[in-house]
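A closer look at the structure
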Amino acid sequence: MRGAVAAGHPLTAEAGANVLAAGGNAVDAAVGAAFMSWVAEGTLTGPGAGGFMLVHRARDRSTRVYDFFVAVPGLGLGDDVMRDMDSVDVDFSGGSTQMFRIGPASCAVPGTPLGMEEAHRSFGRLPWAELIAPAVDAAREGVELTRGQAYLHAILDLILRHTPESRDVYERDGERLVAGDTLVQPDLARTLELLAERGAQELYGGELGRAIVAHVEAGGGCITQRDLDEFRVVRRRPVRAEFRGMEFLSNPPPSAGGILIAYGLGLLADRGAPGSAEAIDSLARVMREQTRAREDSFDSALRRGGLAKLLEERAVIARGTTHISAVDGDGNAVALTASTGAGSGVVVPGTGIHLNNMLGEFDLAKPPRPGERLSSMMSPSVVLHEGRPRLVVGSAGSLRLRGAVMQIVVNVVQHGFGVLDAIDRPRVHLEGEHLHCEGGHDPAELDRLEAMGWDVTRWRRRNLFFGGAAAVEAADDGSLAAAGDPRRGGAGVVVT
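Residues numbered from 1 in each chain as written. Predicted model: local features only at pLDDT ≥ 70, side-chain atom pairs only at ≥ 80, totals over all residues. Heavy atoms only, no water.

**A few points about the sheet that holds strand S1 (residues 3–7)**
Test applied: Strand pairing follows a simple DSSP-based rule, namely that at least 2 bridges must link the two strands. Under the DSSP-based scheme used, a helix requires at least four consecutive residues in state H or I and a strand at least two consecutive residues in state E, with every element numbered from the N terminus. For helices, the axis comes from a line fit to the C-alpha atoms of the stretch in contact; other axes are also lines fit to C-alpha atoms, and the angle between any two N-to-C directions lies between 0 and 180 degrees. The criterion used for residue contact is that any of the two residues' heavy atoms lie within 4.5 Å.
Read across the sheet, seven strands follow the order S10-S3-S2-S15-S14-S1-S26 without closing on themselves; strand pairing throughout is antiparallel. The open sheet terminates on both sides in strands that have one partner only, identified here as strand S10 (234–236) and strand S26 (491–495). Each neighbouring strand pair of the sheet contributes to a mean axis angle of 15°, computed without reference to strand direction. Note that strand S14 (residues 321–328) and strand S15 (residues 333–339) share seven bridges and pair antiparallel. Bridge assignment links Val-327 to a residue of S15, and that residue is Ala-333. Against the sheet, helix H3 (residues 112–123) contacts strand S2 (50–57), strand S3 (62–68), S10 and S15, and its axis sits at roughly 155° relative to S3.

**Re the environment of Leu-20**
In this structure, Leu-20 sits in helix H1 (residues 10–21). Taking the C-alpha atoms as reference points, Leu-20 and Thr-496, 476 residues apart in sequence, are found 9.4 Å from one another. Setting aside residues up to four positions removed in sequence, Leu-20 forms contacts with Arg-2, Gly-3, Ala-4, Val-5, Asn-25, Ala-26, Ala-29, Val-327, Asp-328 and Val-495.

**Points about the pattern of salt bridges**
As a reminder, the rule being used: We count a salt bridge whenever a side-chain nitrogen from Lys or Arg sits within 4 Å of a carboxyl oxygen from Asp or Glu. Each residue is placed in one exposure class: buried if its accessible area under a 1.4 Å probe, protein chains only, is under 20% of its type's maximum, exposed if it is over 50%, and partly exposed if it falls in between.
Inspection of the entire model under this criterion finds 29 salt bridges. For Asp-60, the salt bridge is made with Arg-57, and the minimal N-O distance between the two is 2.5 Å. Note on Arg-57: relative accessible area 24%, which makes it partly exposed. As a salt-bridge pair, Asp-67 and Arg-373 come within 3.1 Å of each other at their nearest N and O atoms. Residue Asp-67 is found in strand S3, and its partner Arg-373 is found in the loop between strand S17 (353–354) and strand S18 (375–376); the two are separated by 306 residues along the sequence. A single burial state applies to Asp-67 and to Arg-373, both of which are buried. Members of the salt-bridge network, linked through shared partners, are Arg-140, Arg-190, Glu-193 and Glu-197.

**Some thoughts on the confidence of the model for the chain**
What counts here: Each residue gets a pLDDT score, which is the predictor's confidence in that residue and runs from 0 to 100.
Considering every residue of the chain, the mean pLDDT works out to 91; 91% of them sit at 70 or more. Taken together, the stretch residues 301–318 has pLDDT below 50 and engages in 58 contacts with residues farther than four places along the chain or on a different chain.

**Digging into the pairing of S15**
Within S15, seven of the seven residues are buried, which leaves the element mostly enclosed by the surrounding structure. The side-chain alternation of S15 yields two buried faces, one formed by Ala-333, Ala-335, Thr-337 and Ser-339 and the other by Val-334, Leu-336 and Ala-338. Where S2 meets S15, seven bridges bridge the pair, whose relative direction is antiparallel. In the strand pairing of S15, Val-55 is matched with Val-334. The turn linking S14 back onto S15 is made up of four residues, and Gly-331 within it adopts a positive phi angle of 95°.

**Overview of H3**
Since the α-helix packs 3.6 residues into each turn, any two residues three or four apart lie on the same face. Rules: Helices are assigned an expected span. That span is 1.5 Å times one less than the residue count.
Here H3 is twelve residues long and its end C-alpha atoms lie 16 Å apart, about the 16 Å a rise of 1.5 Å per residue gives. Residues of H3 that are buried: Thr-112, Pro-113, Leu-114, Gly-115, Met-116, Glu-117, Ala-119 and His-120. In this fold, the buried residues of H3 make contact with helix H2 (26–40), S2, S3, helix H4 (128–141), helix H9 (202–205) and S15.

**Some thoughts on the pairing of strand S25 (residues 480–484)**
With four of its five residues buried, S25 lies for the most part within the structure. Two strands pair when backbone bridges link them, and strand S24 (residues 468–474) and S25 are joined in this way by five bridges, in the antiparallel orientation. For Glu-473, the partnering residue across the bridge sits in S25 and is Ala-481. Counted along the chain from S24 to the antiparallel partner S25, the turn is five residues long, and its residue Gly-478 has a positive phi close to 95°.

What follows is the structure in structure tokens.
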């Protein structure tokens, strides 16, 4: 087999699979898929995003995480960083509303283009421009909105059409786009062409970077040219944990998600059959301990040397997230997660770049310092068996994404489910004292959970609330399987 790719949209997965078929490796496939995700999943990611790429190299069995998450803007502005943001109320599920903070003051320094380029420069096999070309064509010709993407357009409508520039992209004849409509993005196509011709530095030191600074500054935001000039990709060693004879590796501090999953896997008791009250009770107890860890001194014990308090003070939720998993025929593996948050509503004129709203995604105990890397719950992960990839996985889903990743790891490693079943199985999420149980659980087992003392919230169906994962599984015989989350309209492709 040449490899496999899983992602949050069929076009994203197909783009990565085509790269593998053309002789590219896992990094090439993830990068090519990520560029396509900017076009097909533009409500979640894009050139204005930040993220992480975990790369496992088969040759020496080394694993590194490329941290290109967003940085706090405002270098050269003194203490005047946290400025007034716009607020919009977003309606979820016909009645549940949530306030989002958006606008130029919410925009942090993006890192995704530079991170993808650096990983490609280190490990890529195919030419950079060749990986971008399919996304250029898709942006120019247009992409038909799937039901999953149309749902995101509906709930984020007040953000997507917040400014004249964003309405030029996300509006047709005064109305939002719906399923079946074609989203054409000629400005984004030109931006992709510039990145193909001149490299990612164009977005930091070239005309794209200057356009970002000028537009954000005119709107009262804080991104400066110095912010772009000084942004750097950070290579980190992954957090590691043993689990059922295998090794779990994920995104390390200063981000919170990977370390909390590793902590939870170490606590998890092997109790009951999958979906039983005992098994759910075990998961819920672990989730409760993970929450307590963030509230207590867990992070300060873990992260001495100036990193203490970041988990609590600067853990960005990253609501609008997408994930790509890739494995190639040589055994290299990549997990790439990126996010624009909920989006800021700020589209830089003439570029198609929708900037993130990461400064509006969290509550700060004190203002951060300009240039400081923010923290995230994003958890691109790999499970190794005897040094070789067994599972490559990550998820979207705000605070629920770490639970989604942990449950998929448990389903594959502990319970022996194939990757499609592992992703499809109903999930749980503990929020405060409320144990949310997704549709598909046995009602009798939920009755037993209530008898154990849990306050169970029963969902009627599967729902994106519980995360949107993408994973590739490698069996001991070398066969591969890939699956995207049906909750998000994801897809997986195996290349033979």
